[in-house]
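Here are the chains, one letter per residue:
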Amino acid sequence: MIRVTENLRKIRDLLHKNALEHGRDPESVQLVAVSKKQPLSAVLEAAAAGQRDFGENLVQEGLEKIRAAGRDDLIWHFIGHLQSNKTRPVAGHFDWVHTIDREKTARRLNEQRPDDKPPLNVCIQVNVDDEASKAGVRPEEAVELAAYVARLDRLRLRGFMCIPEPKADSAAQRESFRAMRALLDEARGRALDVDTLSMGMSDDFAAAIAEGATHVRIGTAVFGPRR
Ligand SMILES: *Cc1c(COP(=O)(O)O)cnc(C)c1O
């Protein structure tokens, strides 16, 4: 039981310290513990240590874990690629979707979000470094898609998400994250109500926090290597 609890404590300390270093309120940085390919026992251990936000990237695996955990105090974030034919269970069981990259997916989630749940929190996934292999909209298309999502009443537009190209030095990492912050500003300039930058993983969360990340998605550093 000690490892996940201890890892969480260390990461929370680091997030806190990084936020303060950059003049930010530590409460403004949320940890999403990425539990993909980790057993339910790891999720329950993290939950016992006070963790509430969890990230999953596969629909089936995520649904099974949500059901098996059987707790309504946990907040489930879908962070993987979402095919438009798999939106229904995601709309029914997750609290957030970070990876909206086309109107069709947003439209279906909006139609399928159950009436007895609050609007689904969503972020627009941005291919911030314009990589051929990556999902997400091009940066210049992101605000337009956000404006579309903002008009759907069963979705709640929160902001933008990215997975940048891996880069070794923090100055280069910060450049991509700064471009994300510019998108958030642009969206606000167009009167969109956005408050979220989902960015930063185990290897680059410090740079992400420096540039305004509100949700860092960390897996390995919390749970250890995946199965
Ligand atoms: C797996 C994953 C993470 C976490 O990655 P780690 O390197 O284990 O911290 C974060 N975001 C997304 C979208 C992922 O798929």
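See above for the structure.
Residues numbered from 1 in each chain as written. Predicted model: local features only at pLDDT ≥ 70, side-chain atom pairs only at ≥ 80, totals over all residues. Heavy atoms only, no water.

S.K.: What should I look at first to understand the overall build of the chain in this one?
M.R.: A tally of regular secondary structure across the chain gives 9 helices and 8 strands. Rg of the C-alpha trace for the chain: 17 Å, near the compact-globule value of 17 Å for 227 residues, within the 12% margin. Of all 227 residues assigned to the chain, the portion counted as buried reaches 52%. Long-range pairs, those at least 24 residues apart, make up 59% of the contacts in the chain with a sequence separation of at least 6. With the model as given, the accessible surface of the chain reaches about 10,700 Å², and the carbon-plus-sulfur share is 48%. The positive charge centre, built from 35 side chains, and the negative charge centre, built from 35, are 4 Å apart in the chain. (Helix = DSSP H or I, 4+ residues; strand = E, 2+ residues; numbered from the N terminus. Rg over C-alpha atoms; globule rule 2.2 N^0.38 Å. Buried < 20%, exposed > 50% of the residue type's maximum accessible area, 1.4 Å probe, protein only. Contact = heavy atoms within 4.5 Å. Areas by Shrake-Rupley, 256 points an atom, 1.4 Å probe, with all protein chains shown as cover. Lys, Arg positive; Asp, Glu negative; His and termini not counted. Charge placed at Lys NZ, Arg CZ, Asp CG, Glu CD.)

S.K.: How do you make sense of the pattern of salt bridges when you look at a structure like this?
M.R.: A side chain with one charge can pair with a side chain of the opposite charge if their charged atoms come near. Counted according to the given criterion, the structure contains 15 salt bridges. With its nearest N and O atoms 3.5 Å apart, the salt bridge here joins Asp73 to Arg52. Placement of Asp73 in the loop between α3 (59–69) and β3 (75–78) and of Arg52 in the loop between α2 (40–48) and β2 (53–56) is noted, with a sequence separation of 21 residues between them. You can call Arg52 partly exposed: its relative accessible area is 29%. Asp101 is the salt-bridge partner of Arg102, the closest N and O atoms lying 3.2 Å from each other. (Salt bridge = Lys/Arg side-chain N within 4 Å of Asp/Glu carboxyl O.)

S.K.: Which parts of the structure should I look at to understand the layout of surface pockets?
M.R.: Sizing a probe to match a water molecule and rolling it over the atoms shows the empty space that remains. By volume, the largest pocket is sized at about 530 Å³. Along the walls of the largest pocket sit 26 residues, with Lys36, Ile163, Met201, Ser202 and Arg217 positioned nearest its centre. Counted by class, the lining of the largest pocket contains 9 nonpolar, 9 polar and 8 charged residues. As a volume, the second largest pocket reaches approximately 260 Å³. Residue lining of the second largest pocket: Arg12, Leu15, His16, Pro26, Glu27, Val29, Gln30, Leu31, Gly50, Gln51, Arg52 and Asp53, and that is the complete set. Secondary structure elements with two or more residues in the lining of the second largest pocket: α1 (2–21) and β1 (30–34). By residue class, the composition of the lining of the second largest pocket is 4 nonpolar, 4 polar and 4 charged. (1 Å grid on protein atoms, 1.4 Å probe; cavity = no way out; pocket = protein on both sides within 12 Å on 5 of 7 lines; lining within 4 Å. Points joined across faces, edges and corners; volume = space filled by probe spheres on them. Nonpolar A, V, L, I, M, F, W, Y, C, P; charged D, E, K, R; others polar.)

S.K.: How should the site of the ligand be read in this particular structure?
M.R.: With respect to spatial proximity, the complete set of residues near the ligand consists of Val34, Lys36, Ile79, Met161, Ile163, Met201, Ser202, Arg217, Ile218, Gly219, Thr220 and Arg226. In this structure, Arg217 approaches the ligand through a side-chain N or O atom, which is 2.9 Å from a nitrogen atom. When the ligand sits alone it has 390 Å² of accessible area, and the protein chains cover 89% of it. Of all the cavities here, the one that holds the ligand is the largest pocket. When its residues are assigned to classes, the shell around the ligand shows 6 nonpolar, 3 polar and 3 charged. (Near = heavy atom within 4 Å. Polar contact = N/O pair within 3.5 Å; in protein donor to acceptor, adjacent residues only side chain to side chain. Sits in = over half its atoms within 2 Å of the grid points.)

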